[in-house]
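Summary of structural features
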Amino acid sequence: MTNQEFKSKLFAAADKLRSNMDASEYKYPVLGLIFLKYVSDAFTNFRTELEKRISDPDDELYEEPEYRDDVLNDRDEYTSENIFWTPEKARWAYLQANAKSPDIAKILDDAMREIEHENPKLKGILYKEFSRLNIADKLGQLIDEFSVINFDQGELSRGDAFGQIFEYFLGNFASSEGKRGGQYYTPVSIVDLIVEILAPKKGRVYDPACGSGGMFVHSEKFVMNHHGNPNDISIYGQESNPTTWKLAAMNLAIRGFEFDLGREPADTFHNDQHKSVKMDYVLANPPFNISDWGQAALIEDARWQFGVPPAGNANFGWLQHMYAKLSPKGRAGVVLANGSMSSNTSGEGTIRKAMIEADIIDCMIALPGQLFTNTQIPACIWFVNRDKGARKGQTLFIDLRNKGQMISRVQKELNAEDIHEAAQLYHNWMQDEFADGDYEDIPGLVKSADLTDIQKHDYVLTPGRYVGAAEVEDDGEPFAEKMARLTSQLSEQFKESDRLEAEIKKNLAGLGYEL
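Residues numbered from 1 in each chain as written. Predicted model: local features only at pLDDT ≥ 70, side-chain atom pairs only at ≥ 80, totals over all residues. Heavy atoms only, no water.

Secondary structure assignment for the protein chain yields 18 helices and 11 strands. The principal-axis extent of the C-alpha atoms belonging to the protein chain is close to 95 × 70 × 55 Å. Counting the 515 residues in the protein chain, one finds 49% classified as buried. For the protein chain, the proportion of contacts with a sequence separation of at least 24, taken over those separated by at least 6, is 70%. Within the structure as shown, the protein chain displays about 24900 Å² of accessible surface, and the carbon and sulfur contribution to it stands at 47%. (Helix = DSSP H or I, 4+ residues; strand = E, 2+ residues; numbered from the N terminus. Buried < 20%, exposed > 50% of the residue type's maximum accessible area, 1.4 Å probe, protein only. Contact = heavy atoms within 4.5 Å. Areas by Shrake-Rupley, 256 points an atom, 1.4 Å probe, with all protein chains shown as cover.)

Here you go:
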């Protein structure tokens, strides 16, 4: 069974038990159970391997029988290997043994409390409302469904198995919730594209609207994929939705990441949880086009270096907040609605012009449609750079609208080749450590433009205006011959059209419908 097949089967099993429950209510106990299963599997698998080694006289960890229990119950043996310490009554074997108990909801709540007690980083974070839902029978069935899986076997043992499943569930629940859901979920291909271009290897990584923390997870993966040390990355996030803030903490804690999501869930504009910290990388997908973000209370805010954002749209508030947070060599990748590239309403054009003339816009990418689960609004990515180095005075425009493949009836995805191609266009343009060749403009795909070019387009940043149309390969057929061939072909098609029209009229007349 492939990883994708496994995820689909697991979600189908979980969703089958949902019955008439609203997805927005059902997802939390389900994700809570997945959390318990994952940490328990990781703990149990490590414990089994540890027991094997301390029992092997030829292994350097060998212990005499009378000392083995002490080793197996030594918390440091687990945490030193980034294994999440799981108390006995939170382990899956105990939960499975009590799955049919009428008290299973309380047992699950108690399990979460014990984990929080043993892992202070999660205090007040975990879901502990199983009892409130009054669905003990469903919880027992879900435990049985999840008992047949092991997160540390076969294909699942490679890569970020839990993260993939966690995000897969979040994405599917977002689809179930329609536009009310998905506030925490940025499609993986967009996250990967931003990460591959920013290439965070060392320093502070920040997301001021962090949702479930997906940007951080993929940043850590980038570091590991490039043989870096994940400890060289410091994670700073903020999230205003209390439930989503907790999901992010769970998502990061189970991977053993150190993180700072602020003292509490809070609004980034009005209660910045990292006010004095400068960031080396900002990766964000803030909510699009927020119309009521409390601008009136922030008119004099020092963050609005390029102009006060309009009261009716927070897009340029987000961009300027992130720019203000950057260190002297910091860079940001921000997903926004396409309107941000061309809008001139309520002073947005003036702010955009000031940002362009300050030469902080590094790269603009137009994304394909249908990438998101929760909105059909066309989107783009802004890359902002405090230090453009050799590319001062220039901006790279990449048009990916024709890239991507449909992965369902309504959703598209950029594949690995699309992401690699776009990232290499950027790195080759910058000639940074990830460059693998020289840069050159490609009509229809990428264009390096200077301020004069952007002024000619009235400070509109839509990539399609700059990259132009793709070149069509000359097929070598002389024009006169091609026209003769095409007109002859068209004539034959007209004749066939006339024949089919007459046939349809005849058949309709036979049915008593004259035209």
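On to the domain arrangement of the protein chain. One can read the domain layout of the protein chain as domain 1 (3-170), domain 2 (179-465) and domain 3 (476-514). Averaged C-alpha coordinates put domain 1 and domain 3 at centres separated by 66 Å. (Domains from an automatic or database assignment.)

Taking 1.5 Å of rise per residue, 12 residues should cover 16 Å, and helix 11 (residues 214-225) covers 16 Å from first to last C-alpha, within 8% of that figure. The element helix 11 is extensively covered by neighbouring structure, given that nine of its 12 residues are classed as buried. For helix 11, the set of buried residues is Gly214, Met215, Phe216, Val217, His218, Ser219, Glu220, Phe222 and Val223. Once helix 11 finishes, His227 follows within two positions and takes phi at roughly 60°, a positive value. (Expected span 1.5 Å × (residues − 1).)

Bringing the sheet that holds strand 1 (residues 203-207) into the picture now. Strands sit in the order 3-2-1-4-5-7-6-8-11 across an open sheet of nine strands; the sheet is mixed. Edge positions in the sheet fall to strand 3 (259-260) and strand 11 (446-450), since each of these pairs with one other strand and no more. (Pairing = 2+ DSSP bridges.)

On to the nonpolar core. Of all hydrophobic cores here, the largest spans 103 residues; its most connected members are Leu33, Phe35, Phe169, Leu193 and Ile365. No other element matches the 11 residues that helix 2 (residues 23-54) contributes to this core. Residues lining this core come from more than one domain, with at least three contributed by each of domain 1 (3-170) and domain 2 (179-465). Within the second largest apolar cluster, 39 residues are counted, among which are Tyr236, Phe316, Ile351 and Ile454. (Core = buried A, V, L, I, M, F, W, Y, C linked by side-chain atoms within 4.5 Å.)

Attention now goes to the environment of Phe216. Structurally, Phe216 can be placed in helix 11. Residues Phe216 and Gly237 lie 21 residues apart in sequence; the distance between their C-alpha atoms is 8.7 Å. Not counting the four nearest positions on each side in its chain, Phe216 is found in contact with Val205, Tyr206, Asp207, Cys210, Ile235, Tyr236, Gly237, Leu252 and Leu261.

The relative placement of two packed helices is expressed as an angle between their axes plus a distance between the axes. Closest axis-to-axis distance for the helix 6 (residues 104-118)/helix 8 (residues 136-147) pair is 8 Å, and the angle between their directions is 65°. Together, Ile104, Ala105 and Leu108 of helix 6 and Ala136, Leu139 and Ile143 of helix 8 make up the contact between the two elements. (Axes fitted to C-alpha atoms, helices over the stretch in contact; angles between N-to-C directions.)

A word on the pattern of salt bridges. Side chains that differ in charge, positive against negative, can pair when their charged atoms come close. Inspection of the entire model under this criterion finds 22 salt bridges. Arg53 is the salt-bridge partner of Asp59, the closest N and O atoms lying 2.9 Å from each other. Put simply, Lys392 and Asp387 hold a salt bridge, and the shortest N to O gap is 4.0 Å. What makes Lys392 exposed here is its relative accessible area of 54%. Residue class for Asp387 comes out partly exposed when judged on its relative accessible area of 28%. Each of Arg53, Asp59 and Glu60 takes part in one network of salt bridges that share partners. (Salt bridge = Lys/Arg side-chain N within 4 Å of Asp/Glu carboxyl O.)

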